Amino acid sequence: MAKIYYEKDAKLEVVMDKTIAIIGYGNQGRSQALNMRDSGCKNVIIGSIRDESWTAANEDGFPVYPIAEASSKADIIFMLLPDEVAPEIYTKEIEPNLHEGAAVNFASGYNVTFGHIVPRADLDVIMVAPRMIGRGVRELFENGTGFPAYVVAHKDATGNAMEIALGLAKAIGSTKCGAIEASFAEETYLDLMSEQATWPLIMNVMNEAFNLLIEKGHSPEAILYELYMSKEPMFMMEKMADVGLFKQLPMHSRTSQYGQMSRFGKVDTAPIRKFLEEQYENIKSGRFAEEWDGVMKDDLKEFNALREKSFALPICVAEAEVKAKLGGK
């Protein structure tokens, strides 16, 4: 079982007086910066290019600097850039300006796991990775409940890396709920498995169910609202998180409960397991990282072709028509 850290395990004073530079003032960057300031961190600064994020950070009252300058001022730096652009910016603008003993905090293990970023030996390398979207990071901090996060001390150059990681986890609000100790590789593998295995399976089930029910003569309006457009599955998943995957079933009718439980064991899981195994090995071996690198180097041609193909599927066409008819957005 993983070790979980709570409020009593973390000390804000470890990070309170440090200069903390947020690189990437998007949804996560803004929420985490505001949370740390509200927790009492005195020197939160933003590193950005001159775009709308620079303006937003200024309007929120944070000092804003070019990325290289913010890096030179930082004791702790938050890497909140997209995975695909982070390695070049880190290599050219961030690491050359970091002082010895600075801490580099990643929100994703991807680039470190696959060797796209290899921080210097004299730096603490940590990860505080919220398992929550940016808006939720802010809202759950403000209402006092907090949110879970992974917390990692990957490289401990100063002897204080874990203390710093826990201090940051407390400052952004995750130790109220529980900060889970993990590794960079574990965060990466689990995250990519959700994206490349779990969700593709779910999306395929929805798509196949739609196609079958259209063939059986049902209307696209009724099918789509039954499958997901009513947002009923969203509430079901919320209850799964609250009480459990199966323990939320008593909130359904007995007919629904019986149907779900009796058919659960009738699914042939062998091909599902095979697909999951294949994707896990593809991730762990680094083959996916190589594949994605190739796609990016080819100006995202395959990425754009896949998106165009996906958006042209009958289910996507039907969604647009149904929303137009029923006043959806």
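Here, every reference points to the structure presented above.
Draft legend 1. Highlighting the pairing of strand β6 (residues 103-106). Along β6, one buried face is formed by A103 and N105 and the opposite face, lined by V104 and F106, is buried too. Where strand β5 (residues 76-79) and β6 come together, four bridges link them in parallel fashion. Directly across from I77, in β6, lies its bridge partner V104. The pairing of β6 with strand β7 (residues 124-130) spans four bridges and is classified as parallel. Its bridge partner lying in β7, F106 is registered against M127.

Draft legend 2. Layout of unusual backbone geometry. Within the chain, D299 stands out as a residue other than glycine whose phi angle is a positive 60 degrees. Structurally, D299 is set in the loop between α14 (287-297) and α15 (301-311). Judged by its relative accessible area of 63%, D299 is exposed. Even without glycine at this site, L300 takes up a positive phi of about 60 degrees. Residue position: L300 is located in the loop between α14 and α15.

Draft legend 3. Summary view of the packing of aromatic side chains. In the structure shown here, the tally under the stated rule is six aromatic pairs. With 5.1 Å between their ring centres and 90 degrees between their planes, F246 and F264 make a pair best called edge-to-face. Here F246, found in the loop between α11 (232-243) and α12 (254-264), pairs with F264, found in helix α12; they are 18 residues apart in sequence, far enough to count as distant. Take F246: its relative accessible area is 40%, and that puts it in the partly exposed class. Positioned above the aromatic ring of W54, the side-chain terminus of R50 is 4.0 Å from the ring centre.

Draft legend 4. Summary view of the nonpolar core. If you look at the biggest cluster of nonpolar residues, it comprises 37 residues, and the most contacted ones within it are I22, M36, I46, I76, F78, V151 and L168. The set of elements that each furnish at least two residues to this core consists of α1 (13-16), β2 (19-23), α2 (27-39), β3 (43-47), α3 (52-59), β5, β7 and α8 (161-172). In terms of residue count, α8 provides more of this core than any other element does, nine residues in total. Every residue in contact with I22, bar those within four places of it in the chain, is listed here: G29, A33, M36, V44, I45, I46, G47, F78 and L80. Of all hydrophobic cores here, the second largest spans 27 residues; its members include I23, A70, I77 and Y150.

Draft legend 5. Structural context of α8. With twelve residues, α8 extends 17 Å between its outermost C-alpha atoms, agreeing within 8% with the 16 Å of an ideal straight helix rising 1.5 Å per residue. In terms of burial, α8 is a largely internal element, eleven of the twelve residues being buried. Among all positions of α8, only A161, M162, I164, A165, L166, G167, L168, A169, K170, A171 and I172 are buried. Immediately downstream of α8, the backbone of G173 shows phi near 110 degrees, a positive value.

Draft legend 6. Inspection of the pairing of β7 at higher detail. Within β7, seven of the seven residues are buried, which leaves the element mostly enclosed by the surrounding structure. By the bridge criterion, six bridges tie β7 to strand β8 (residues 149-155) in an arrangement that is antiparallel. Considered in β8, the bridge of I126 is made with A153.

Conventions we followed
Residues numbered from 1 in each chain as written. Predicted model: local features only at pLDDT ≥ 70, side-chain atom pairs only at ≥ 80, totals over all residues. Heavy atoms only, no water. Buried < 20%, exposed > 50% of the residue type's maximum accessible area, 1.4 Å probe, protein only. Helix = DSSP H or I, 4+ residues; strand = E, 2+ residues; numbered from the N terminus. Pairing = 2+ DSSP bridges. Phe/Tyr/Trp six-rings, centres within 6.5 Å; stacked < 30°, edge-to-face > 60°. Lys NZ or Arg CZ within 6 Å of the ring centre and 35° of its normal. Core = buried A, V, L, I, M, F, W, Y, C linked by side-chain atoms within 4.5 Å. Contact = heavy atoms within 4.5 Å. Expected span 1.5 Å × (residues − 1).

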